[in-house]
Every structure is written in structure tokens, then in C-alpha cells.
Amino acid sequence: VQLQAYGGGLVQAGDSLRLSCAASGRTFSMYAMAWFRQAPGKEREFVAAISSSGVSTYYADSVKGRFTISRDNAKNTVYLQMNGLKPEDTADYYCAAPPTTGWGSYRTGNGYDYWGQGTLVTVSS
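Residues numbered from 1 in each chain as written. Predicted model: local features only at pLDDT ≥ 70, side-chain atom pairs only at ≥ 80, totals over all residues. Heavy atoms only, no water.

How would you summarise the pattern of salt bridges if you had to cite specific residues and measurements?
Applying the stated rule across the entire model yields four salt bridges. In this structure, Asp61 engages Lys64 in a salt bridge whose closest nitrogen and oxygen atoms are separated by 3.1 Å. We classify Asp61 as exposed; its relative accessible area is 66%. Residues joined in a network through salt bridges with shared partners are Arg37, Glu45, Arg66 and Asp89. (Salt bridge = Lys/Arg side-chain N within 4 Å of Asp/Glu carboxyl O. Buried < 20%, exposed > 50% of the residue type's maximum accessible area, 1.4 Å probe, protein only.)

If you want it as C-alpha cells, here you go:
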């Protein structure tokens, strides 16, 4: 499974940004997907997850109401729309995929084995 995230950049507080992650190597539409982030000097944290069909989503409290995860199974791509960005959102953002189908524990960010390279989001105040 190969994952390639892109779309990061330098923005000001309050701005919006959309991250994309292109997946290849298996049937994309069968698997949940997620976004994580890691700020400088901090541990990686879960941001959002989406079920294989896209019907179900789940967000970390820190981004709920501001970020939206979505997917286009025809394009093998998952997105993270980030609105109302804050300086504390500054981090490397990673997309991730689980090893098996299902939703369960993947909903809350557990069990992801495949990772893309990070894309840096910097939010200035």
C-alpha cells in the first residue's frame, strides 16, 4: 500500500486548506482511512477517520466542527478540508490506512499500519 499526501503549506490563522492523499496498491474502496498529525516536539495524534464507503466519519475533539474528512473512491483519494485554522494546528499531517477491512477500532485511530509521508501545515498568527 502506497500513500502520498500533499497540499500542505503556510497559511494565516483563520484560513482554509485542503489536504489530499492518493492511495495505491490495493482496492481503496474497501478500507477505512484516517489522518493524523504530529506537531514539533509532540507525539503523533489522531485527527479524523472515514469508513470505506465514506458514510461514517469520526473526529478528534480538537478539530471537530472545523475539519472535514471525505473520500472519492473513484479517484482513490482521501481529503482533509481544514477551515478556521489555528496556530496550534501547525504540524506534519499524515494519511494512514489499516491492514484489514472494517470500521470498529479504526474509527478512533487505532490499528493503522500504512503511512504516507507527511505534508507540513504551518499556521501563522
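Any details on the pairing of strand 9 (residues 91-97)? Residues and values, ideally.
The buried fraction of strand 9 is high, at five of seven residues. In this structure, strand 4 (residues 33-38) lies alongside strand 9, joined through five bridges in antiparallel fashion. Paired with Ala34 across the strands is Ala96, a residue of strand 9. Relative to strand 11 (residues 119-124), strand 9 runs antiparallel, the two sharing three bridges. Each bridged residue has a counterpart across the sheet, and for Tyr93 the counterpart in strand 11 is Thr119. Here two bridges tie strand 9 to strand 10 (residues 114-115), and the two strands are oriented antiparallel to one another. Each bridged residue has a counterpart across the sheet, and for Ala97 the counterpart in strand 10 is Tyr114. (Helix = DSSP H or I, 4+ residues; strand = E, 2+ residues; numbered from the N terminus. Pairing = 2+ DSSP bridges.)

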